[in-house]
Amino acid sequence: MAAAAAPGAVGTLQASRARLVAACCAPLVPGWRLHRSLAGPRVRPAMWARGWAPAAEGAALRRGYSSEVKSEDELRVRYLEEENRGIVVLGINRAYAKNSFSKNLVKMFSKAVDALKSDKKVRTVIVRSEVPGIFCAGADLKERVKMNPSEVGPFVSKIRAVINEMANLPVPTIAAIDGLALGGGLELALACDIRVAGGTQRLPRAIGMSLAKELIFSARVLDGQEAKAVGLVSHVLEQNQEGDAAYRKALDLAREFLPQGPVAMRVAKLAINQGMEVDLVTGLAIEEACYAQTIPTKDRLEGLLAFKEKRSPRYKGE
């Protein structure tokens, strides 16, 4: 299966027989800040989306492929229940436009991320497509061609801002890529930080400058095995009949995250993300500062007590 990069797209990722899943994560407990001497560049706050009622536990997401999808259904926000409580699924649902970023979808993503970052009950976020064969095709070029030149720059900036906000969520995030990821869609996947593929800034950080330039300049399409071979993805899976193998793997990963202490996970990811941007000495200082934030928490005491009593900890994120 072949695909061409849309105009303006910087890098493409194709999941053909094998589909991709990447686990990822982002910084900090709401309200926590590193000392300014340790903190890296900050991203502007974004903004939440209308959700939908959770399906019965274990049931697959109901996918909508109609060209009549309502604007409020272009991003479906699903809070899982029972043993999956704490996992939130963001489902992109613009089949008629290959899940491309429209003004409305960007607005909904922005609102959704803004709500998630302040919700202490959220432990892990999964980003997936509800449309077969496509993850996200980047910007909606049919909509863009109708824009005045003065509108294009601010619109692209809004896409970039919402992707940055996704990267900066304080809980683990997972991109389940069951189809093509083009341009900004690839950037969205890469923002889900452990391993996916990229654009002009995130891709070189994932695979190195030389290979990143080769992929960007050529707009080469990679299948799942090739993407894993160059370090763009964490897992490559044979697709199932339902077309959601990556989502199922992402859900398995999210379940592994749930028992872990939410405070510790947030500061650990902050230490990793910020530490990778600085020298080792500063990175160790960031690590120490992050650990210091866990000392006064109830979760730390609960972890020690659970270890002493030889039982599973009951963390509350406090």
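Residues numbered from 1 in each chain as written. Predicted model: local features only at pLDDT ≥ 70, side-chain atom pairs only at ≥ 80, totals over all residues. Heavy atoms only, no water.

**Brief notes about the overall build of the chain**
To keep things clear, this is the line we draw: Put simply, DSSP marks the helices as runs of H or I at least four residues long and the strands as runs of E at least two long, and each gets a number from the N terminus on. Using a 1.4 Å probe on the protein chains alone, a residue whose accessible area is under 20% of its type maximum counts as buried, one over 50% counts as exposed, and one in between counts as partly exposed. The method behind every accessible area is Shrake-Rupley, applied with a 1.4 Å probe, and residues are considered shielded solely by the protein chains displayed.
Along the chain, the regular secondary structure elements total 11 helices and nine strands. Across the 318 residues of the chain, 49% fall into the buried class. For the chain, the accessible surface area stands at approximately 15,800 Å², while carbon and sulfur atoms represent 55% of it.

**Remarks on the packing of helix α3 (residues 149-167) against helix α4 (residues 184-191)**
Let me state the cut-off plainly: Every axis in this analysis is a line fitted to C-alpha atoms, fitted for helices over the stretch in contact. Angles between the N-to-C directions lie between 0 and 180 degrees. For this classification, under 35 degrees means roughly parallel, over 145 means roughly antiparallel, 65 to 115 means roughly perpendicular, and everything else is oblique. What makes a crossing left-handed is the near helix being turned counterclockwise from the far one by less than a right angle; a clockwise turn instead makes it right-handed. Residue contacts follow a heavy-atom distance rule, with two residues in contact if any of their heavy atoms lie within 4.5 Å. Each residue gets one of three labels, nonpolar for Ala, Val, Leu, Ile, Met, Phe, Trp, Tyr, Cys and Pro, charged for Asp, Glu, Lys and Arg, and polar for the others, Gly among them.
One can describe the packing of α3 onto α4 by two numbers: an axis separation of 8 Å at closest approach and a directional angle of 20°. The pairing of α3 with α4 is recorded here as roughly parallel in orientation. Between α3 and α4 the crossing geometry is right-handed. Where α3 approaches α4, its residues Ile-163, Met-166 and Ala-167 are matched on the opposing element by Gly-184, Glu-187, Leu-188 and Ala-191. When grouped by side-chain class, the residues that make up the contact of α3 with α4 number five nonpolar, one polar and one charged.

**Section: the pairing of strand β7 (residues 173-177)**
Worth spelling out the cut-off: Pairing between two strands is assigned when DSSP locates at least 2 bridges connecting them.
In terms of residue burial, β7 counts as a mostly covered element, since five of its five residues are buried. Side-chain alternation along β7 places Thr-173, Ala-175 and Ile-177 on one buried face and Ile-174 and Ala-176 on a second face that is also buried. Looking at chain direction, strand β5 (residues 124-129) and β7 are connected through three bridges and run parallel. Pairing of Val-125 across the sheet is with Thr-173, part of β7.

**Here's the deal with the packing of aromatic side chains**
To keep it simple, the criterion reads: Any two rings among Phe, Tyr and Trp, with Trp reduced to its six-membered ring, count as a pair given centres within 6.5 Å; such a pair is stacked if its planes are under 30 degrees apart, edge-to-face if over 60, and tilted if neither. Here, a charge over a ring means that NZ of Lys or CZ of Arg falls within 6 Å of the ring centre while also lying within 35 degrees of the ring normal.
For the structure on display, the rule yields one aromatic pair. The aromatic ring of Tyr-247 is capped on one face by Arg-128, whose charged end is 4.0 Å from the ring centroid.

**Thoughts on empty space enclosed by the protein**
Once rolled over the atoms, a probe with the size of a water molecule shows which space is left empty. Formally: Cavities and pockets were defined on a 1 Å grid built from protein atoms only: a cavity is a group of points that admits a 1.4 Å probe but offers it no way out, a pocket is an open group of points flanked by protein on both sides within 12 Å along at least five of seven lines, and a lining residue is one with an atom within 4 Å of any such point. Grid points are joined across faces, edges and corners, and a volume is the space filled by probe spheres set on the points. Segment limits for the domains were obtained from an automatic or database-derived domain assignment.
Taken as a whole, the largest cavity holds about 50 Å³ of empty space. Around the largest cavity, the lining residues are Arg-123, Thr-124, Pro-170, Val-171, Pro-172, Phe-257, Gln-260, Pro-262, Met-265 and Arg-266. Counting residues per element, the lining of the largest cavity draws most heavily on helix α9 (residues 262-275), at three residues. Residue composition of the lining of the largest cavity, by class: six nonpolar, two polar and two charged. Structurally, the lining of the largest cavity is a two-domain feature, drawing no fewer than three residues from each of domain 1 (75-258) and domain 2 (262-309).

**Looking at α9**
Applicable threshold: A helix's residues, less one, multiplied by 1.5 Å, set its expected span.
For α9, with 14 residues, the first-to-last C-alpha span of 20 Å sits near the 20 Å given by 1.5 Å per residue. α9 sits mainly inside the fold: 10 of its 14 residues count as buried. Structurally, α9 contributes buried residues whose contacts are with α8 (245-257), α10 (280-294) and α11 (298-309).

**Quick word on the environment of Phe-155**
Here Phe-155 shows up in helix α3. Ignoring any residue separated from it by four or fewer positions in sequence, one finds Phe-155 in contact with Phe-101, Ser-102, Lys-103, Val-106, Ala-139, Glu-143, Arg-144 and Met-147.

**A few points about the environment of Ser-218**
In plain terms, the rule: Residues adjacent in sequence count toward polar contacts only when both atoms are side-chain atoms; beyond that, a polar contact is any pair of N or O atoms within 3.5 Å, and within protein one must be able to donate a hydrogen and the other to accept it.
Within the secondary structure layout, Ser-218 lies in helix α6 (residues 209-218). Judged by its relative accessible area of 41%, Ser-218 is partly exposed. Here the side chain of Ser-218 touches Glu-214 through a polar contact of 2.7 Å, landing on its backbone oxygen.

**Details of the pattern of salt bridges**
Our working rule: For this document, the term salt bridge refers to a Lys or Arg side-chain nitrogen within 4 Å of an Asp or Glu carboxyl oxygen.
Applying the stated criterion across every chain yields a total of 13 salt bridges. Two residues, Asp-114 and Lys-117, come together in a salt bridge whose shortest N-O distance is 3.4 Å. Remark: Lys-117 and Asp-114 occur in helix α1 (residues 103-117); sequence separation between them is three residues, near one turn of the helix. Lys-117 sits in the partly exposed class, given a relative accessible area of 21%. In this structure, the salt-bridge partner of Arg-255 is Asp-252, at a minimum N-O distance of 3.1 Å. Of this pair, Arg-255 and Asp-252 both sit in helix α8, three residues apart, which is roughly one turn of the helix.

**Observations regarding the nonpolar core**
Filter applied, for reference: Here, the term nonpolar core denotes a set of buried Ala, Val, Leu, Ile, Met, Phe, Trp, Tyr and Cys residues that are joined through side-chain atoms within 4.5 Å.
Counting 36 residues, the largest nonpolar core has Leu-90, Phe-109, Val-127, Phe-135, Met-166 and Leu-188 as the members making the most contacts within it. Listing elements by their share of this core, those giving two or more residues are β3 (75-79), β4 (87-92), α1, β5, β6 (133-136), α3, β7 and α4. Of the residues forming this core, the biggest block, seven residues, is contributed by α1. Ignoring sequence-local partners within four residues, the contact set of Leu-90 consists of Leu-75, Arg-76, Val-77, Phe-109, Ala-112, Leu-116, Val-125, Ile-126, Val-127, Arg-128 and Met-166. Counting 15 residues, the second largest nonpolar core, distinct from the first, contains Val-89, Ile-174, Ala-246 and Tyr-247.

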